[in-house]
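A structural walkthrough
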Amino acid sequence: MRLETKEKIIFRVHPHWLYLAFPEFILAILGVFFFLFAYPLLPKWILLLFLVDILFAMLIIFLDWVCVNYYLTNLRLIEERGIIGKRITIVPLNKVQDITCKFGVLGRIFDFGDLEIESAGTYGKIVFSFIANPRKRKEEINKAVLEFKANRNIMEGKGRK
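Structural notes, computed from the coordinates. What you see is a predicted model, and the numbers here were worked out from it, not measured in a lab.

The next subject is helix α1 (residues 17-38). Relative to the 32 Å expected for 22 residues at 1.5 Å per residue, α1 spans 31 Å between its end C-alpha atoms, a close match to the ideal helical length. What α1 keeps buried is the set L18, L20, E24, L27, G31 and A38. Check the buried side of α1 and you find it contacts α2 (44-66), α3 (105-110), β6 (112-119) and β7 (125-132).

Here's what the structure looks like:
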């Protein structure tokens, strides 16, 4: 990701580790059961093909997790996702209107959730999905927005004199 002049990253996060671990665990269990029950019944080439498919699915899940990044900088919020094609959504901090923190029962237990960031104008909404420590991240975003607006007001005040 390319930063603007004088832009600093405050945080960069991936989705919570359960976003990766749960589907990987399910695929591993599926693979073990398939091999236990199908090994005596199926030809070896089908078993090998199934193993390759399982490993490929696990690789795709891992790459999906690695290729989803959420950034907070001192100037903007950025959501970057995509394994081959990239989709980047940017909301300047001065356009942030509201931040909603959402999490369910498992999210409360394992400390993950979604942050929905509403913005003014045509920027719409950006969602940081399945992130760890959503309350802490919300506070960091609020602090960055307040600092950005305070710095902007100081700069505008100096320009008028």
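So that's the structure; there's more coming.
Once that is clear, we can look at the environment of W45. Within the secondary structure layout, W45 lies in helix α2. For W45, a relative accessible area of 59% translates into the label exposed. As a C-alpha pair, W45 and F103 span 58 residues in sequence and 44 Å in three-dimensional space.

A separate point is the nonpolar core. Of all hydrophobic cores here, the largest spans 19 residues; its most connected members are L77, I117, F128 and I141. Elements represented by at least two residues in this core include exactly β1 (9-13), β2 (69-73), β5 (96-102), β6, β7 and α4 (134-160). When residues in this core are grouped by element, the largest group, 4 residues, is from α4. When sequence neighbours within four positions are dropped, the list of residues in contact with I141 reads F11, L72, L77, I99, L115 and I117.

For α2, with 23 residues, the first-to-last C-alpha span of 33 Å sits near the 33 Å given by 1.5 Å per residue. Looking only at α2, the buried set comprises L47, F50, I54, M58 and W65.

Turning next to the sheet that holds β6. Each strand in a sheet pairs with its neighbour through backbone hydrogen bonds, running either in the same direction (parallel) or in the opposite one (antiparallel). Ordered by their spatial adjacency, 3 strands build an open sheet running β5-β6-β7, and the pairing between neighbours is antiparallel. On the outer flanks of this sheet lie β5 and β7, each paired with one strand and no other. Taking each pair of neighbouring strands and ignoring which way they run, the sheet shows an average axis angle of 15 degrees. In this structure, β5 lies alongside β6, joined through 6 bridges in antiparallel fashion. Within β6, the position partnered with V96 by the bridge is S119.

For the rest of this paragraph, the subject is the packing of α1 against α2. Between two packed helices, both the angle of their axes relative to each other and the distance between the axes serve to describe the pair. Running from N to C, α1 and α2 cross one another at 175 degrees; their axes reach a closest spacing of 9 Å. The angle between α1 and α2 falls in the class roughly antiparallel. Between α1 and α2, the residues in contact are W17, Y19, L20, P23, E24, L27, A28, G31, F34, F35 and A38 and L47, F50, L51, I54, A57, M58, I61, F62, D64 and W65, respectively. Its residues assigned to classes, the contact of α1 with α2 shows 18 nonpolar, 1 polar and 2 charged.

With that settled, the discussion passes to the side chain of T73. Tracing the chain through its elements places T73 in strand β2. Side-chain polar atoms of T73 contact the side chain of E7, separated by 2.6 Å. The contact partners of T73, leaving out residues within four places of it in the chain, are L3, E7, K8, I9, I10, I78 and L93.

What follows deals with the pattern of salt bridges. Counting across every chain of the model gives 6 salt bridges. As a salt-bridge pair, E7 and R76 come within 2.6 Å of each other at their nearest N and O atoms. A residue pair is termed long-range when its members are at least 10 positions apart, and E7 in the segment before β1 and R76 in strand β3 (residues 76-81) qualify at 69 residues. A relative accessible area of 7% means that E7 is categorised as buried. Among the ionic pairs, R87 bridges to E79, the shortest N-O distance being 3.6 Å. Judged by relative accessible area, R87 falls into the partly exposed class, the value being 46%. According to the relative accessible area criterion, E79 is buried, its value standing at 6%. Bridged by salt links that share partners, the residues E79, R81 and R87 form one connected network.

Here is what the cut-offs are and how they apply
- Residues numbered from 1 in each chain as written.
- Predicted model: local features only at pLDDT ≥ 70, side-chain atom pairs only at ≥ 80, totals over all residues.
- Heavy atoms only, no water.
- Helix = DSSP H or I, 4+ residues; strand = E, 2+ residues; numbered from the N terminus.
- Expected span 1.5 Å × (residues − 1).
- Buried < 20%, exposed > 50% of the residue type's maximum accessible area, 1.4 Å probe, protein only.
- Contact = heavy atoms within 4.5 Å.
- Core = buried A, V, L, I, M, F, W, Y, C linked by side-chain atoms within 4.5 Å.
- Pairing = 2+ DSSP bridges.
- Axes fitted to C-alpha atoms, helices over the stretch in contact; angles between N-to-C directions.
- Parallel < 35°, antiparallel > 145°, perpendicular 65-115°, else oblique.
- Nonpolar A, V, L, I, M, F, W, Y, C, P; charged D, E, K, R; others polar.
- Polar contact = N/O pair within 3.5 Å; in protein donor to acceptor, adjacent residues only side chain to side chain.
- Salt bridge = Lys/Arg side-chain N within 4 Å of Asp/Glu carboxyl O.

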